[in-house]
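Analysis of the macromolecular model
What follows is the residue order along each chain.
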Amino acid sequence: MLLPHNEKIFNDLTTAYKSDNDVMLIHGTGLGKSFLFAELADTIFLGKKILFVVPKHAVEQGIDGYGELNGKDVDFVTYNYFKDEKRASEAFTGYDVIVFDECHHLGSEKYGKNARTIIPMVRGTDKYVLGLTATHKRADKVNVSEYFSSIVVGMSIFEAIRNGIIPPFEYLVCEDDAELKKGYDRKMDDFRKKLDIDGSVPLLKDTVARNLRQRWICVFS
């Protein structure tokens, strides 16, 4: 059962799949992307064989975070699975649905180059691709949304905080001028400033010493 904030997003996904076979969902971290997939697995993808592609760190930490997928016909692989160019065609042939979790990895020339060739393969067939990510623009300027026919935009972390879906967090931002700024109600791009590592470490220590908290999220460029 989906939480209310994901019901509209699920409806947007089902609408997107009426016209396109490859859809990407952009939805903030921790807001329920895997639960939305689980709902699709019980509806549009019901009875289909699914390949779920995850980043390497998900395997290293265990797949416990995907517990809501237990009991479904899902096989897990990492992006590294596609280092062999033949694997994309094999995955297309062997599975009805391919899900790319944290699909910004598709923009990587090392890990995503072969995997993303599956996306155009499914168009005009009875197969599906689903991309899941919190961020479609990579640090190397690659915009992975350009690979997909249809994009569904969910919520950002900041929208979720403002709507009371997740609790606000405090974070510390170290800028060039060593000015301390706190809060969450601004775009993250406003905070991406440059500060060299030699200058940032003492600033961080001094700021945390003066502003004791149980936990800080510290953002550096």
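The paragraphs below set out a description of the structure included in this document.

Basis of the calculations
Residues numbered from 1 in each chain as written. Predicted model: local features only at pLDDT ≥ 70, side-chain atom pairs only at ≥ 80, totals over all residues. Heavy atoms only, no water. Helix = DSSP H or I, 4+ residues; strand = E, 2+ residues; numbered from the N terminus. Buried < 20%, exposed > 50% of the residue type's maximum accessible area, 1.4 Å probe, protein only. Contact = heavy atoms within 4.5 Å. Pairing = 2+ DSSP bridges. Axes fitted to C-alpha atoms, helices over the stretch in contact; angles between N-to-C directions. Phe/Tyr/Trp six-rings, centres within 6.5 Å; stacked < 30°, edge-to-face > 60°.

Focus: the environment of D126
As for its position among the elements, D126 is in the loop between α5 (118-122) and β5 (128-133). On the accessibility criterion, D126 (58% relative accessible area) is exposed. Between the C-alpha atoms of D126 and V97, which are 29 residues apart in sequence, the distance is 9.3 Å. Sequence-distant contacts of D126, that is, excluding residues within four places in its chain, are made with N21 and K48.

Considerations on the sheet that holds β5
Strand pairing in a sheet is mediated by backbone hydrogen bonds. Such pairs are either parallel or antiparallel. Pairing is parallel across the open sheet formed by six strands, whose spatial order is β3-β2-β4-β5-β1-β6. The sheet terminates laterally at β3 (74-78) and β6 (150-153), the two strands that pair on one side only. Adjacent strand axes in the sheet meet at a mean angle of 20 degrees when their direction is disregarded. Here strand β1 (residues 22-26) pairs with β5 via five bridges, running parallel.

Describing the packing of aromatic side chains
Tallied over the entire structure, the rule returns nine aromatic pairs. With a centroid separation of 5.6 Å and an interplanar angle of 75 degrees, the aromatic rings of Y17 and F45 are classed as edge-to-face. Taken together, the residues Y17 in the loop between α1 (4-16) and β1 and F45 in the loop between α2 (33-41) and β2 (50-54) connect sequence positions 28 residues apart. In this structure Y17 comes out as buried when scored by relative accessible area, which is 8%.

By themselves these figures say nothing about function.
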